[in-house]
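Commentary on secondary and tertiary structure
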Amino acid sequence: MNYSQTLEFLFTSLPAFETKGATAYKPGLERIAAFCKAMGNPQRNFFTVHVAGTNGKGSVSHLLAAVLQQAGYRTGLYTSPHLQDFRERIRVDGEMIPKQKVVNFVDKYHDKMVELGLSFFEMTTAMAFDYFAQSDVEVAVIETGLGGRLDATNVIVPVLSVITNVGLEHTDLLGDTLQKIAAEKGGIIKKSIPVVIGEEDERYNPVFEQIAANNKSKVVYAQREVRCEEQTHDADGCRQRFRLQRVRDGRMFELELDLAGDYQRQNIVTATAAIDFLHEETPLTISRRAFIAGVREAAANTSLLGRWQKLTDVPLTVCDTGHNAHGIARVAEQLKKTVYKKLYCVIGFVKDKDLAHILPLLPHDAHYIFTQAQTSRALSAADLAAKAAIYGLQGETAESVDAAIHRAQELAQPDDMIFIGGSTYVVAEAPLTE
């Protein structure tokens with residue numbers, strides 16, 4: 001098979017959450033464990049950091065990988081979903097896995113994957129492990145796909161686990177309360193392996209503490225280890241600066257980050273606490289200089305896209321991949337703080353999204369252009385418009401993301417703002433790169 005045929009096999013022959021939704025979710029570690037064993041357990045050939053959470057786990061994963069890479073380690077990064085290229089999911093030192101490596105992997109293990117009935121995500125996870133081992137990776141940052149306890153990535157034994165936060169998401173699969181979802185995400189906590197909790201909350205702290213106690217694992221609350229004393233944004237809105245204090249000794253850190261979005265405040269605190277722990281308590285050595293330099297160009301060096309990303313200045317056009325109630329709430333807060341005369345929102349969602357908890361969070365004074373991405377999971381623009389009207393959101397429809405963006409550009413004046421989001425799929429079809 002060539003590369004195009006290989007991708008077609010992966011997306012059509014194996015169940016993929018991205019295309020089929022919850023019906024493709026195959027919980028349990030038996031299949032991935034059996035497949036990894038057949039490959040010789042490549043995931044045991046390098047140190048790993050395991051990252052879970054409702055929101056922020058992608059940003060934190062990229063931050064950790066950027067710093068580890070700057071510290072001189074050959075660094076793997078496994079994240080999901082991708083926006084424009086399947087290979088975004090698997091990177092070594094910021095570079096995507098080569099197309100031929102994808103083809104070679106599928107050619108070699110095709111029959112075994114079919115025999116075990118692997119899901120798309122299980123296959124991709126195994127591909128990452130195999131490629132990292134082939135590439136002599138020293139440490140890899142592994143982001144969970146969905147949940148944690150039964151996620152395919154949970155076959156690893158990391159040197160550190162990180163859980164960014166817990167919000168209501170995928171309640172049909174993970175549970176309908178914060179405590180139930182926390183229990184699933186807390187499933188990445190391994191025996192005697194410390195865990196950093198990014199954003200503590202009295203509603204779910206006890207869940208993590210109990211799981212950690214059962215595993216004799218240390219719990220590190222990031223906000224008790226690192227305080228953000230100051231956060232400022234550069235005039236161009238593309239970078240920001242932080243003044244952090246390490247609580248145990250009062251040491252200050254002046255950081256520059258090439259990511260916008262106020263919510264990165266939580267992510268930088270989480271990543272800083274994790275980096276500090278890795279340096280102090282594991283075999284990894286990360287200098288202050290590597291930490292500062294790694295954060296400064298984190299997005300550039302790991303190609304992180306779609307996090308409050310500015311696409312144009314006139315009119316101001318921003319996209320963001322926040323797609324659950326927890327993430328949309330943060331996007332809505334950011335929109336309130338942004339200066340513009342009129343707001344145009346290009347919005348689309350997938351069919352199984354809990355819109356009753358999301359739509360009320362969106363600005364009521366915006367003009368909406370409801371649309372649908374090119375995926376079978378997309379909710380039609382007409383259906384979305386009808387649902388949005390219930391919550392007082394008014395506008396028009398466009399049958400494609402491209403058409404919706406062009407319509408917003410026709411309507412917007414130079415001092416207006418265009419926001420693109422709602423679904424990762426919608427952002428993926430925006431012009432993220434030149």
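Attention here is on the structure that accompanies the text. Here the structure is a predicted model, which means the values were calculated and not measured.

Attention now goes to the packing of helix α3 (residues 30-39) against helix α5 (residues 99-116). Between α3 and α5, the shortest axis-to-axis distance is 11 Å and the interhelical angle comes to 140°. The angle between α3 and α5 places the two elements in the oblique class. Between α3 and α5 the crossing geometry is right-handed. Seen from α3, the contacting residues are Arg31, Ala34, Phe35, Ala38 and Met39; seen from α5, they are Phe105, Tyr109, Lys112, Met113 and Leu116. In terms of residue class, the contact of α3 with α5 is made up of 8 nonpolar, no polar and 2 charged.

By the definition in use, this model includes 24 salt bridges. For Glu229, the salt bridge goes to Arg227, with nearest N and O atoms at 3.5 Å. The class for Arg227 is partly exposed, based on a relative accessible area of 41%. Note that Lys337 and Asp262 form a salt bridge whose closest N and O atoms lie 2.9 Å from each other. Of this pair, Lys337 sits in helix α14 (residues 325-337) while Asp262 sits in the loop between β11 (252-257) and α11 (264-281), placing them 75 residues apart in sequence. Given a relative accessible area of 55%, Lys337 falls into the exposed group. Residues joined in a network through salt bridges with shared partners are Asp234, Arg239, Arg241, Glu256 and Glu297.

This brings us to the environment of Tyr368. Tracing the backbone shows Tyr368 in strand β15 (residues 367-370). When its relative accessible area of 1% is taken as the criterion, Tyr368 is described as buried. Non-local contacts of Tyr368, meaning those with residues more than four positions away in its chain, are made with Cys345, Ile347, Leu362, Pro363, Leu393, Gln394, Gly395 and Glu396. Polar contacts involving the side chain of Tyr368 include one to the main-chain carbonyl oxygen of Pro363, which spans 2.5 Å.

Attention shifts here to unusual backbone geometry. The omega angle of the peptide bond from Ser80 to Pro81 is -10°, so this bond is cis rather than trans. A cis geometry characterises the amide bond from Val314 onward to Pro315, with omega recorded as -10°. With respect to the helices, strands and loops of the structure, Pro315 is situated in the loop between β12 (309-312) and β13 (316-319). Of note, the phi angle at Trp308 is positive, near 40°, even though the residue is not glycine. The topology assignment puts Trp308 in the loop between α13 (298-302) and β12.

So, on to the side chain of Lys190. Tracing the chain through its elements places Lys190 in the loop between α8 (178-185) and β7 (195-197). For the buried residue Lys190, which engages in no salt bridge, the nearest side chain bearing the opposite charge is Asp151, 9.3 Å off. A polar contact is formed between the side chain of Lys190 and the side chain of Asn154, at a distance of 2.5 Å. For Lys190, the side chain forms a polar contact with the main-chain oxygen of Ile156, separated by 3.2 Å. Once residues within four sequence positions are removed from consideration, Lys190 is found in contact with His50, Asn154, Ile156, Pro158, Asn215 and Ser217.

Turning to α8, its buried residues are Leu178, Ile181, Ala182, Glu184 and Lys185. The arc enclosing the buried residues of α8, seen along the axis, measures out at 160°, which places them on a common side.

Counting residues in each nonpolar core, the largest one holds 44 residues, and the members touching the most others are Leu64, Val162, Leu244, Leu255, Ile268, Leu278 and Phe291. It is α11 that contributes the most residues to this core, 8 residues altogether. Counting 36 residues, the second largest nonpolar core, distinct from the first, contains Ile97, Val102, Met113 and Ala128.

Below, the discussion takes up the packing of α3 against helix α6 (residues 120-134). Packing of α3 against α6 leaves a shortest axis separation of 10 Å and a crossing angle of 30°. Of the possible angle classes, the one that applies to α3 and α6 is roughly parallel. Crossing geometry of α3 relative to α6 is assigned as right-handed. Note on element contacts: α6 touches α3 through Glu122, Ala126, Phe129 and Asp130, opposite Arg31, Ile32, Phe35, Cys36 and Met39. Partitioned by chemical class, the residues of the contact of α3 with α6 number 6 nonpolar, no polar and 3 charged.

What follows covers helix α17 (residues 401-411). Restricting attention to buried positions, one finds in α17 the residues Val401, Ala404, Ile405 and Ala408. Take α17 and look down its axis: the buried residues cluster within an arc of 95°, on one side only.

Scanning all chains against the criterion turns up 12 aromatic pairs. Ring geometry for Phe46 versus Phe132: centroids 5.9 Å apart, planes at 80°, classification edge-to-face. On the criterion of sequence distance, the pair formed by Phe46 in the loop between α3 and β1 (47-52) and Phe132 in helix α6 is long-range, its members being 86 residues apart. Phe132 matches Phe46 in its accessibility class, with the two residues each being buried. Here Phe253 and Phe291 contribute two aromatic rings whose centre-to-centre distance is 5.8 Å and whose plane-to-plane angle is 80°, an arrangement assigned as edge-to-face. Linking Phe253 in strand β11 with Phe291 in helix α12 (residues 288-296), this pair joins segments that are 38 residues apart in sequence. An aromatic cluster of at least three residues, connected via ring pairs, comprises Phe11, Phe86 and Phe120. Above the ring of Tyr344, the side-chain terminus of Lys342 is found at 5.7 Å from the ring centroid.

Analysis parameters
Residues numbered from 1 in each chain as written. Predicted model: local features only at pLDDT ≥ 70, side-chain atom pairs only at ≥ 80, totals over all residues. Heavy atoms only, no water. Axes fitted to C-alpha atoms, helices over the stretch in contact; angles between N-to-C directions. Helix = DSSP H or I, 4+ residues; strand = E, 2+ residues; numbered from the N terminus. Parallel < 35°, antiparallel > 145°, perpendicular 65-115°, else oblique. Left-handed = near helix turned anticlockwise from the far one by under 90°. Contact = heavy atoms within 4.5 Å. Nonpolar A, V, L, I, M, F, W, Y, C, P; charged D, E, K, R; others polar. Salt bridge = Lys/Arg side-chain N within 4 Å of Asp/Glu carboxyl O. Buried < 20%, exposed > 50% of the residue type's maximum accessible area, 1.4 Å probe, protein only. Polar contact = N/O pair within 3.5 Å; in protein donor to acceptor, adjacent residues only side chain to side chain. Lys, Arg positive; Asp, Glu negative; His and termini not counted. Arc of directions from axis to C-beta. Core = buried A, V, L, I, M, F, W, Y, C linked by side-chain atoms within 4.5 Å. Phe/Tyr/Trp six-rings, centres within 6.5 Å; stacked < 30°, edge-to-face > 60°. Lys NZ or Arg CZ within 6 Å of the ring centre and 35° of its normal.

Honestly, that's just the spatial picture; any functional story needs more than this.
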